[in-house]
Every structure is written in C-alpha cells, then in structure tokens.
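Letter by letter, the chains look like this.
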Amino acid sequence: MSISAILYATPPSLGSCVARQWIATLGFSLELVPIIVKVAAINRLFSQSKKMKRVKINQKHLYTCVAAVIVIVAIYLSVWTAADPPTRQSDSKLTEKNNGRG
C-alpha cells in the first residue's frame, strides 16, 4: 500500500495512473482476502466443534481460495483498464497573471 501512496504523490502520467489503481487494488486485496479466508476457516472450525465433529483445515485449500479471489481481481482490473483507460486531466485555475494559455 505504501508504493501506491508514493505513486499518488508523483505527477500524473498514463503509466502512473494505471499503476496507482492496480497497486492500490491488488494491495488491498492481498491484505484483506487472506484475513477473510482465515476468519471463514475459524468460523467453520468453531461451528463444527459445537456439533463435536473433527474438522481438518487444508492449508492448500485456503491458498487456493486466496489465489482465486486475486485472479478475479486481476481480471477485473484488466477489463477495467482495457475498457476505460485512465486519462490525464489538467487542473486550471484563474489568476490575474497571463500565461501561455492567455
């Protein structure tokens, strides 16, 4: 996430605009998805313990769930970048001084 913050501080360009969205979204996903998957596994463990059943949590399955969500996020970002690429916009302000634009 800190790389994304550095990119937001740089002057906008086409590459930095795309990188901002990609790094921020993937970083957020890589941060929260494993926590959500782990909480779901713990919830399953506690709900089955009330029924006095033994539960085996497969670590490979947890990694697969995280990878699947990250792939979905990457596909979403790819479609978003291809369908509506970011454009650089200038911010003009009115002043009393003359510049190249008048």
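Quick notes on the rules
Residues numbered from 1 in each chain as written. Predicted model: local features only at pLDDT ≥ 70, side-chain atom pairs only at ≥ 80, totals over all residues. Heavy atoms only, no water. Helix = DSSP H or I, 4+ residues; strand = E, 2+ residues; numbered from the N terminus. Buried < 20%, exposed > 50% of the residue type's maximum accessible area, 1.4 Å probe, protein only. Contact = heavy atoms within 4.5 Å. Phe/Tyr/Trp six-rings, centres within 6.5 Å; stacked < 30°, edge-to-face > 60°. Axes fitted to C-alpha atoms, helices over the stretch in contact; angles between N-to-C directions. Parallel < 35°, antiparallel > 145°, perpendicular 65-115°, else oblique. Left-handed = near helix turned anticlockwise from the far one by under 90°. Nonpolar A, V, L, I, M, F, W, Y, C, P; charged D, E, K, R; others polar.

Colleague: Help me out: how do you make sense of the overall build of the protein chain in this one?
Modeller: For the protein chain, the count of helices and strands is three helices and zero strands. Secondary structure of the protein chain in N-to-C order comes out as α-α-α. Buried positions account for 16% of the 102 residues belonging to the protein chain. Looking at the protein chain alone, contacts between residues at least 24 apart form 56% of all its contacts between residues at least 6 apart.

Colleague: Explain the packing of aromatic side chains here, please?
Modeller: All chains considered together, the criterion is met by one aromatic pair. Relative to tryptophan 80, the ring of tyrosine 76 has its centre 5.9 Å away and its plane inclined at 35°; by these criteria the two rings are tilted. Taken as a pair, tyrosine 76 and tryptophan 80 lie in helix H3 (residues 59-83) at a separation of four residues, close to a single helical turn. The exposure class of tryptophan 80 is partly exposed, given its relative accessible area of 34%.

Colleague: Quick question: what am I supposed to make of the packing of helix H1 (residues 2-9) against helix H2 (residues 14-50) here?
Modeller: Helices that pack against each other are described as a pair by the angle of their axes relative to one another and the distance between those axes. Where H1 contacts H2, the axes come no closer than 8 Å and their chain directions differ by 160°. Classified by the angle their axes make, H1 and H2 are roughly antiparallel. For the crossing formed where H1 meets H2, the hand is left-handed. Residues Ile3, Ser4, Leu7 and Tyr8 of H1 pack against Ala19, Arg20, Gln21, Ile23 and Ala24 of H2. Across the contact of H1 with H2, the residue classes tally to six nonpolar, two polar and one charged.

Colleague: Help me understand the side chain of serine 16 in this model?
Modeller: As for its position among the elements, serine 16 is in helix H2. Residue class for serine 16 comes out buried when judged on its relative accessible area of 9%. In this view, serine 16 contacts Thr10 and Pro11; residues no more than four positions away in its chain are not counted.

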